[in-house]
Amino acid sequence: MPQPFSQGPMKKRTSVLVFLKGTTAPLVLYVDNPFDVYEELAQILKQNSPTPKLIEKNTSGPIRKVCIQSTQICAVALQDEQYM
């Protein structure tokens, strides 16, 4: 009988999802401090300033660095993911 794959302990990481106007899929950002980045982006949304601000972030996932114009963000979210 085949042995099931051995699974180590599951870990959890939190990513920041950034939804941009005119796109269907969000940017998934893996950062060292996801709760701080979420709060920063949520604050920008709350200000709702018509003047664009350039937001640049270094990340630790497949997207290594991102630059977003503040007026293009329509929503942000936190997402927990399990991995091994």
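Residues numbered from 1 in each chain as written. Predicted model: local features only at pLDDT ≥ 70, side-chain atom pairs only at ≥ 80, totals over all residues. Heavy atoms only, no water.

1. Concerning the environment of N58
- Tracing the chain through its elements places N58 in strand β3 (residues 54–58).
- Setting aside chain neighbours within four positions, we find N58 in contact with V31, R64 and K65. (Helix = DSSP H or I, 4+ residues; strand = E, 2+ residues; numbered from the N terminus. Contact = heavy atoms within 4.5 Å.)

2. Notes on the pattern of salt bridges
- Summed over the entire model, instances satisfying the criterion amount to four salt bridges.
- D80 is the salt-bridge partner of K12, the closest N and O atoms lying 3.7 Å from each other. Highlighted residues: K12 in strand β1 (residues 11–20) and D80 in strand β5 (residues 73–83), separated in sequence by 68 residues. (Salt bridge = Lys/Arg side-chain N within 4 Å of Asp/Glu carboxyl O.)

3. What to know about the pairing of β1
- With ten bridges connecting them, β1 and β5 associate as antiparallel partners. Paired with K12 across the two strands is Q82, which belongs to β5.
- Where β1 and strand β2 (residues 27–29) come together, three bridges link them in antiparallel fashion. For L17, the partnering residue across the bridge sits in β2 and is V28. (Pairing = 2+ DSSP bridges.)

It is worth stressing that arrangement in space is one thing and function is another; only the former is reported here.
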